[in-house]
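# Examining the three-dimensional arrangement
This is what each chain is made of:
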Amino acid sequence: MPIPTKVRCPLSTTQSVIPTFSEVLSLLIVNIDNLSPTIYDPIFRSAGLDTLSFAPTSSPIAAANWPTLGSMIDSGKRLVTFLDNAANLGSVPYLLDGTRIPPKPVYFLF
């Protein structure tokens, strides 16, 4: 399926913007058109962002079960991406449900 024109964005150059040292980036995608997360998946893959993305092993994630910044940096999973709707960890495990963000996560800056 072709990627809708309004979804196309410069994510193909985003990997070079994500810090390569001790930082974690959180991203909230406002999915106003309620697009399937599978539409975003090839965009992330083509930019290499899928390999940098944190993907939980279960959902929802209790606040106490979130990885530490250090463990995320050490594992190379330095990108946490939320969709504000239509997230489906079964189809794209690194696009998290933005409605289930744990309360007061200390390292997410929105």
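Now for a look at the structure at hand. (Residues numbered from 1 in each chain as written. Predicted model: local features only at pLDDT ≥ 70, side-chain atom pairs only at ≥ 80, totals over all residues. Heavy atoms only, no water.)

## Overview of empty space enclosed by the protein
To find the voids left in a structure, one rolls a probe of water-molecule size over its atoms. Applied cut-off: Buried and open spaces are told apart on a 1 Å grid over the protein atoms alone, a cavity being a set of points where a 1.4 Å probe fits but cannot get out and a pocket being an open set with protein on both sides within 12 Å along at least five of seven lines. Residues with an atom within 4 Å of a point are the lining residues. Grid points are joined across faces, edges and corners, and a volume is the space filled by probe spheres set on the points. Note that Gly is not counted as nonpolar here; it falls among the polar residues with everything else outside the nonpolar set of Ala, Val, Leu, Ile, Met, Phe, Trp, Tyr, Cys and Pro and the charged set of Asp, Glu, Lys and Arg.
Considering all chains together, one arrives at one cavity of 30 Å³ or more under this definition. The volume enclosed by the largest cavity comes to roughly 90 Å³. Lining the largest cavity we find P56, S59, P60, I61, W66, F82, L89, L96, D97 and R100. A class-by-class count of the residues in the lining of the largest cavity yields seven nonpolar, one polar and two charged.

## Some points on the pattern of salt bridges
Definition in use: Just to be clear on terms, a salt bridge is a Lys or Arg side-chain nitrogen sitting within 4 Å of an Asp or Glu carboxyl oxygen. Secondary structure elements are taken from DSSP: a helix is a run of H or I of four residues or more, a strand is a run of E of two residues or more, and numbering for both begins at the N terminus. Summary of the burial criterion: residues with accessible area below 20% of their type's maximum are buried, those above 50% are exposed, and those between are partly exposed, where the area comes from a 1.4 Å probe applied to protein chains only.
Tallying each qualifying case throughout the model produces two salt bridges. The salt bridge partner of R45 is D41, with a shortest N-O separation of 3.0 Å. Placement of both R45 and D41 in helix α1 (residues 37-47) is noted, with a separation of four residues, approximately one turn of the helix. Under the relative-accessibility criterion, R45 is labelled partly exposed at 48%. Relative accessible area serves as the criterion here: at 14%, D41 is assigned to the buried category. Ionic pairing is found between D50 and R45, a salt bridge with its closest N-O pair at 3.0 Å. The class for D50 is buried, based on a relative accessible area of 17%.

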